[in-house]
Amino acid sequence: MTDSVPGSGPEEPQCSARGCRAAAVWALRWNNPKIHTQDRRKVWFACEEHRESLSAFLGRRDFLKDVVPVADRDAPPEDAG
Ligand SMILES: [Zn+2]
């Protein structure tokens, strides 16, 4: 058994808030229509504490698309269809 390869485990994203090193709980998916194509998604990560301030920051600029649990960050957006 020699499976001690560093960095091969599941990635644990950290909160994107400045100075915060908490493990991310939420993924904030956003898009700036001035610099991104419409289907492009940037992702910020947020811990429980910073979810509100980070999403408010993006929401004020109309950039925020959706907020999902970190585990679902690559999932397609919900479609109520
Ligand atoms: Zn944080």
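For the structure given in this document, a descriptive report is provided here. Just so you know, these numbers come straight off a predicted model, no measurement behind them.

## Description of the pairing of strand β1 (residues 26-30)
The buried fraction of β1 amounts to 5 of the 5 residues, a majority that puts the element mostly inside the structure. Residues Trp26, Leu28 and Trp30 line one face of β1 and the alternating positions Ala27 and Arg29 line the opposite face, and both faces are buried. Strand direction decides the pairing type here: β1 and strand β2 (residues 42-46), joined by 5 bridges, are antiparallel. Opposite Trp26, over in β2, you have Ala46 as the bridge partner. Bridge count between β1 and strand β3 (residues 64-69): 5 bridges; the pairing is antiparallel. If you follow Ala27 over to β3, its bridge partner there is Val68.

Scoring rules and cut-offs
Residues numbered from 1 in each chain as written. Predicted model: local features only at pLDDT ≥ 70, side-chain atom pairs only at ≥ 80, totals over all residues. Buried ≥ 20, exposed ≤ 12 C-beta atoms within 10 Å, placed from the backbone. Helix = DSSP H or I, 4+ residues; strand = E, 2+ residues; numbered from the N terminus. Pairing = 2+ DSSP bridges.

Structural measurements only, silent on function.
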